[in-house]
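Chain and residue survey
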Amino acid sequence: MITKNAALPAIAAFVFVSLGLNGCAAPASSSPESRGDVPVTITIAEPVHGIGYLPLYAAIESGAFEEEGITVEVTTLTGGGHVSSVLSGEVFGFIGGVESGAVANVKGASLKGVVNVVNRGNVYFVAPEGEEPKAGEDLGKYFEGKTIVGGRHGGTPNAILRHILIESGLDPDTDTILQELEDSAAIPSAMNAGAADIAVVAEPQLGLGIAQGLWGQPFLNVPAELGAYAYSSIVVPTKTIDENPGLIQRFVTALIKGQELIEGDPEYAFELAQREFATLDPAALKATLDRAYEDELWDGSCLSKTAIETNLKVARAGKILDDSSIKQSYETVATMTFTGDC
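The structure reproduced in this document is the subject of the present report. (Residues numbered from 1 in each chain as written. Predicted model: local features only at pLDDT ≥ 70, side-chain atom pairs only at ≥ 80, totals over all residues. Heavy atoms only, no water.)

Counted at 1.5 Å a residue, the expected span for helix α15 (residues 305–317) with its 13 residues is 18 Å, and the 18 Å between its end C-alpha atoms agrees. Every buried residue of α15 is accounted for by Ala307, Ile308, Thr310, Asn311, Leu312, Val314 and Ala315. Contact partners of the buried residues in α15: α5 (98–106), β5 (111–120), α7 (156–167), α10 (222–226), β11 (228–237) and α16 (330–333). Positive backbone phi, at 60°, marks Lys319, one or two positions downstream of α15. (Helix = DSSP H or I, 4+ residues; strand = E, 2+ residues; numbered from the N terminus. Expected span 1.5 Å × (residues − 1). Buried < 20%, exposed > 50% of the residue type's maximum accessible area, 1.4 Å probe, protein only. Contact = heavy atoms within 4.5 Å.)

Within this structure, the stated rule accounts for one disulfide. The side chain of Cys302 participates in a disulfide bridge whose partner is Cys342; the two sulfur atoms lie 1.9 Å from each other. Taking the torsion about the sulfur-sulfur bond, which here is approximately -105°, the covalent link between Cys302 and Cys342 counts as left-handed. Placement of the pair is Cys302 in the loop between α14 (282–294) and α15 and Cys342 in the segment after α16, with a sequence separation of 40 residues. For Cys342, a relative accessible area of 57% corresponds to the exposed category. (Disulfide = S-S within 2.5 Å.)

This paragraph deals with unusual backbone geometry. In this model, Glu296 sits at a positive phi of 55°, which is unusual for a non-glycine residue. Note on placement: Glu296 falls in the loop between α14 and α15. Its relative accessible area of 46% is what places Glu296 among the partly exposed residues. At Lys319, a position not held by glycine, the phi torsion is positive, near 60°. Within the fold, Lys319 resides in the loop between α15 and α16.

A few words now on the pairing of strand β9 (residues 198–201). The alternating pattern of β9 places Ile198 and Val200 and Ala199 and Val201 on opposite faces, both of which are buried. Sheet topology note: the strand β6 (residues 124–126)/β9 ladder contains three bridges and is antiparallel. Looking at β9, one finds that Phe125 is bridged to Val200. Bridge analysis of strand β7 (residues 147–151) against β9 gives two bridges, and the strand direction is parallel. Bridge pairing in β9 places Ile148 opposite Ile198. (Pairing = 2+ DSSP bridges.)

Quick look at the pattern of salt bridges now. A full pass over the atoms with the stated rule returns 10 salt bridges. For the salt bridge of Asp290 with Lys286, the shortest nitrogen-to-oxygen distance reads 3.1 Å. One end of the pair, Asp290, and the other, Lys286, are both in helix α14, four residues apart, so they sit about a helical turn from each other. Residue classification places Asp290 among the partly exposed positions, given a relative accessible area of 38%. Residue Glu331 is joined to Lys305 by a salt bridge in which the shortest nitrogen-to-oxygen separation is 4.0 Å. Of the two residues, Glu331 sits in helix α16 while Lys305 sits in helix α15, which places them 26 residues apart along the sequence. Residue classification places Glu331 among the partly exposed positions, given a relative accessible area of 48%. If you follow the salt bridges from partner to partner, you end up with Arg120, Glu296 and Asp299 in one network. (Salt bridge = Lys/Arg side-chain N within 4 Å of Asp/Glu carboxyl O.)

Another point: the side chain of Thr176. Note that Thr176 resides in the loop between α7 and β8 (177–181). Separated by 2.7 Å, the side chain of Thr176 and the backbone oxygen of Pro172 make a polar contact. Not counting residues up to four positions away in its chain, the partners in contact with Thr176 are Phe143, Gly145, Lys146, Ile148, Leu165, Leu170 and Asp171. (Polar contact = N/O pair within 3.5 Å; in protein donor to acceptor, adjacent residues only side chain to side chain.)

Here we take up the sheet that holds β8. The strands making up a sheet associate through backbone hydrogen bonding, with each pair oriented either parallel or antiparallel. Reading across from one edge, β8-β7-β9-β6-β10 is the order of the five strands in this open sheet, with mixed pairing throughout. Taken across any chain shown, the strands that pair with only one partner, and hence form the sheet edges, are β8 and β10 (220–221).

Throughout the structure, instances matching the rule amount to nine aromatic pairs. Arranged with centres 5.4 Å apart and planes meeting at 75°, the rings of Tyr142 and Phe219 form a pair that is edge-to-face. Here Tyr142 is found in helix α6 (residues 139–143), whereas its partner Phe219 is found in the loop between α9 (205–212) and β10, with 77 residues between them in sequence. Judged by centre distance (6.3 Å) and plane angle (45°), the ring pair of Tyr229 and Tyr231 falls under tilted. Through pairs of rings, three or more aromatic residues link up here, namely Phe125, Tyr142, Phe143 and Phe219. In this arrangement the basic side chain of Lys305 is found over the ring face of Tyr330, its NZ or CZ atom lying 5.8 Å from the centre. (Phe/Tyr/Trp six-rings, centres within 6.5 Å; stacked < 30°, edge-to-face > 60°. Lys NZ or Arg CZ within 6 Å of the ring centre and 35° of its normal.)

Written out as structure tokens, the structure reads:
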């Protein structure tokens, strides 16, 4: 597997920077050495090890990063550690929602998304089979008074959960009982123990839970509900963008290759997913990927303004982002410099 053990006492993140780096993408046929690119090893922090991140894993496994003279390591840091590790300078960047960068920016940081990975809200609402809302039932009435288990407060899935509840006419904190878990891996256990009525999950948890009989098919499909949504991007310090645009361009160029590989070759995506999620039943994994393609989980590498605006709107509505003092916008949280305009 690509992911490193998050329990390691220190995060290996070594970035060797050349003052001669420039912001132009080099021809694919040339080697890093012939272009004068300095070899680098960088670390990307992820909040979970997820199916949605397959483009990143593909860029690593296929050698796309090596072609750009970059060695990429991935470390899984739960509980918001993926963001704090970037703020502390321990890692190069994180993969996650741009609203996490926006929240940090309000507090004095300066982070920006440079390339898209997941362009749909990879979140699904599920309940035990037979306990889903009936066809045509008002969701507000269905949700009211129920215990809902999901990810940590401040995370992208939590922002979506709160947004959906508010859009359904509810106050998430008074009209429902929210179990906001620091480690989303504990969600299936909560459902299995009967401690919650509804779960808010992403892949591969969704498919695994269906296969285990913890819940039925999703009764609310967020990718379809919200459309283009900057759910997972590579977010880095603006300082890195300003000081090392050539390194960012090399990274983005490689990740785009991984994105195109996953979008264009479902068979390879399945094989890679089997290696990354070896404990997941192949049938459940196939169903997971079929759903991802059907829901257009991956949709190019450019961070569109529409996808960013939806992200910020949901984060504000879900009371994850309060930027009334320092307004966040596309310009403060993302850039198309390295991907080209959408």
